[in-house]
Amino acid sequence: MLEKINHKIAPKEVVKALIHLYHQGKFLQILEKEKQFASLYQDSIELLNIFGSTNLALQNFKRAITNFNKAIKLNSNIPTIYYNLGLAYHHIGNMNDAIKSYKKAIDLKPDYDEAFCNMGMSLEEIGDLEGAIEKYNKVLANNPKHAGAYCNLGNVFRSKDNLILAIENYNKAISIKPDYAEAYNNMGIALTGFIFKKPNKGLQNTISSLLNKKLYVRPTDISLATISLLKTEPILQKQLKLVSDDRIIQNPLDIVLDLDELPLLRELMSVCPLPDLELEELFKQLRASILENISSLKEGSPELLRFQSALALQCFTNEYVYSQSKNEEKAINVLEKKIKELLSNNEQPSPQMILILASYKALYKYDWCQSLIVTNQIQEVFTRQVEEPNQEEKLKLNLPILEEISNKVSSKVRQQYEESPYPRWVNLGLNLEPAPISKVVDDIKLKLHDNKITKAKNSNILIAGCGTGQHSITTAARFKSSKVLAIDLSLSSLAYAKRKTEELAIENIEYMQADILDLAQLNKQFDIIESVGVLHHMDNPMKGWKVLTDCLKPGGLMLIGLYSELARQHIVKIREEISQKGIGSIDSEMRSFRETIIRSDIDHHKLTVKYSDFYSLNTLKDFLFHVQEHRFTIPLIKDHLNKLELKFCGIESSRIVSHFKQTNKNKEDLYDLDKWQAYEEANPRVFAEMYQFWCQKDL
């Protein structure tokens, strides 16, 4: 915080000019002035505060502390300087001195809300959660509309695993400040995996805003929470009961009119696959009923068109995973011929006809799609199902290729992802602002064996296996001053990633088609390499890991994601079943087998249905039908790390780390793979997605 402080030593025009530069963000120019004025006005509190605040903004925290302490020696009665000093101490991890500084600021200015808030955050850092709550409540007693205090309270309650109060406080913060990025971001974290028991209309509006913001959360991460909230609504309960009672949907418009009162449902349908079998059955029956009754339904019904658009987007995003009857197949063939006939006669099909067809098959697969006149009713579906796929086809033409893929297994894997880019996604949760490597390391609580990497001002990062871009974009937004090279076997996946990168105006990523096995041809080493969910699909994972290690600078960091043998035993059984029955990976066979699993009472089938990957055809293919899969144990990972001369630094997932620490109290336990082995044996489902861990290359 920069505040003009009355002092007579520095000329007013000098102070005014420096404050002007500060508010313009021209911090380096101010530091040049610091050198000039240091001896000339060495007793000026105003200048010391300006220089301290500037160093604070530039993260020169120790220099800032020196500036503020000099100012305090000249005048120890200025609360703003103590507040700024507290900020600097907090940033270097000296929480005790930060708390003392904030306390001095509050002693001098008892209604200093920001000092109370920051003191609360420092108390959180040292584990005094009750003390932090007390400080935030003091702020709210003085100012009930202080959005920051509510957001901070939400953080404390999240740390205490009281997600109900955390979500409640984030919601209050957002209601006061509707554009509050941090509160939205934290709300997304709190909602992940949460299940609601009571209705809350106001919260539905907040989640709608969260989804519409597009960059604060992955919709899939909050889909279960959102669905559970929607299922508390009597309107939806009534329709789901109708389906569960096997009652045929005679008039789909009646149901659509009811569902129209839940705009959050449509919004969620539009941006991610919904991992819920009850909703799936409702949507399947509604889709079939709309198709069957299309000639008798009232054309132009805004409620029906809104629902049809959301349903078409849901089906496109889940890659048309829903099964369909023979009657539906016949009706779709009739509808296809009718639309083609209309267009050949220079007539336009109704929006209802286009949207129902788009809920069974992607529009870009029809030669006539470019002949459509795009109305408001079909605009969003046309964009997603025609314009974006066409853009990806154009982007493929200009993607650089390192080398033609020659490895047989790599070629098979490439073909799978050319046919089924993984995954299809719409929105993404990104860091609010990129951070230096040192902060990322601190946030994940990694144990480095050499700290040289944390001093790097710029970082070259390799994403080995970027898929459709979620990983590469997230990493590019995570690390400050980073330059990312993202490779993948599949041009279809890379084109999807490139399109989304351009859409988000991210400029620090380059994409290239390449096999990990060929990376030596780059003749380049990277500060950070990330390869998650990739090595276990290679012919020889150890060989691929060795290539990545050779591409890593000495002292560099590597993030690796590998399947767990223990956590995927149910998948092993299903893969064996698929192999024994000779079930192929064409769409119809996968849908049919999926229906078998849905109807099954076998334990490993019921467990599989709980995975979000079960609810989209391309993720299902990756999940159960992948052409190549290896699995690992922690002892095997430990052995590979030793052979590659890599040091284990810690687990990526904060959720898993938090749970691990409940039974492993020693700080060093986090970095002991034997402790992690015992932990996984006691919690065999904990690495259900995969192991994700950081390691460091020896110098």
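Everything that follows concerns the structure shown earlier in this document.
Just so it is clear, the model here is predicted, and its values are computed rather than measured.

What follows deals with the environment of Gln-377. Topologically, Gln-377 is positioned in the loop between helix H20 (351-358) and helix H21 (379-396). On a C-alpha basis, the gap between Gln-377 and Ser-295 in space is 18 Å, while along the polypeptide they are 82 residues apart. Dropping the residues within four chain positions of it, Gln-377 is found in contact with Leu-305, Ser-309, Pro-351 and Leu-355. In terms of polar contacts, Gln-377 uses its side chain to reach the side chain of Thr-375, at 3.1 Å.

By volume, the second largest pocket amounts to about 740 Å³. Broken down by secondary-structure element, the contributors of at least two residues to the lining of the second largest pocket are helix H19 (326-344), H21, helix H22 (408-419), helix H28 (587-599) and helix H30 (617-624). Here the lining of the second largest pocket gets five residues from one element, more than from any other, and that element is H21. Across the lining of the second largest pocket, the residue classes break down as eleven nonpolar, seven polar and 13 charged.

For the structure shown, the criterion picks out 36 salt bridges. Between Lys-361 and Glu-336 there is a salt bridge, with its nearest N and O atoms 2.9 Å apart. Residue Lys-361 is found in the loop between H20 and H21, and its partner Glu-336 is found in helix H19; the two are separated by 25 residues along the sequence. With a relative accessible area of 15%, Glu-336 lands in the buried category. The shortest N-O distance in the salt bridge between Arg-631 and Glu-629 comes to 2.9 Å.

Attention now moves to the packing of helix H6 (residues 95-108) against helix H7 (residues 113-125). Contact geometry of H6 with H7 gives a least axis separation of 9 Å together with a crossing angle of 160°. With respect to H7, the element H6 is oriented roughly antiparallel. As H6 packs across H7, the resulting crossing turns out to be left-handed. Touching Met-95, Ala-98, Ile-99, Tyr-102, Lys-103, Ala-105 and Ile-106 of H6 are Ala-115, Phe-116, Asn-118, Met-119, Ser-122, Leu-123 and Glu-125, all from H7.

This part is about the sheet that holds strand E2 (residues 482-488). Strand-to-strand pairing in sheets goes through backbone hydrogen bonds, with the strands running parallel or antiparallel. Taken in spatial order, the seven strands make up an open sheet running E3-E2-E1-E4-E5-E7-E6, and their pairing is mixed. On the outer flanks of this sheet lie strand E3 (509-513) and strand E6 (646-651), each paired with one strand and no other. Across this sheet, the average inter-strand angle for adjacent strands is 20°, counted without regard to direction. Bridge analysis of E2 against E3 gives five bridges, and the strand direction is parallel. Following the sheet pairing, Asp-488 is matched in E3 by Gln-513.

Within the largest apolar cluster, 141 residues are counted, with the highest numbers of intra-cluster contacts made by Leu-191, Leu-274, Phe-283, Phe-307, Trp-368 and Leu-624. At nine residues, the largest contribution of residues to this core is made by helix H18 (residues 302-317). Look past the residues within four positions of Phe-283 in its chain and what remains in contact with it is Leu-265, Met-269, Leu-274, Phe-307, Leu-311 and Tyr-322. Counting residues in each nonpolar core, the second largest holds 43 residues, with Leu-562, Ile-651, Tyr-671 and Phe-693 among its members.

If you check helix H3 (residues 45-57), its first and last C-alpha atoms are 18 Å apart, about what 13 residues at 1.5 Å a residue would give, namely 18 Å. When H3 is considered as a whole, its buried residues turn out to be Ile-45, Glu-46, Leu-47, Leu-48, Asn-49, Ile-50, Phe-51, Gly-52, Ser-53, Thr-54, Asn-55 and Leu-56. Contacts made by the buried residues of H3 are with helix H1 (12-23), helix H2 (27-37), helix H4 (61-74) and helix H5 (79-91). Positive backbone phi, at 65°, marks Gln-59, one or two positions downstream of H3.

Criteria and cut-off values
- Residues numbered from 1 in each chain as written.
- Predicted model: local features only at pLDDT ≥ 70, side-chain atom pairs only at ≥ 80, totals over all residues.
- Heavy atoms only, no water.
- Helix = DSSP H or I, 4+ residues; strand = E, 2+ residues; numbered from the N terminus.
- Contact = heavy atoms within 4.5 Å.
- Polar contact = N/O pair within 3.5 Å; in protein donor to acceptor, adjacent residues only side chain to side chain.
- 1 Å grid on protein atoms, 1.4 Å probe; cavity = no way out; pocket = protein on both sides within 12 Å on 5 of 7 lines; lining within 4 Å.
- Points joined across faces, edges and corners; volume = space filled by probe spheres on them.
- Nonpolar A, V, L, I, M, F, W, Y, C, P; charged D, E, K, R; others polar.
- Salt bridge = Lys/Arg side-chain N within 4 Å of Asp/Glu carboxyl O.
- Buried < 20%, exposed > 50% of the residue type's maximum accessible area, 1.4 Å probe, protein only.
- Axes fitted to C-alpha atoms, helices over the stretch in contact; angles between N-to-C directions.
- Parallel < 35°, antiparallel > 145°, perpendicular 65-115°, else oblique.
- Left-handed = near helix turned anticlockwise from the far one by under 90°.
- Pairing = 2+ DSSP bridges.
- Core = buried A, V, L, I, M, F, W, Y, C linked by side-chain atoms within 4.5 Å.
- Expected span 1.5 Å × (residues − 1).

By themselves, these figures tell us nothing about what the structure is for.
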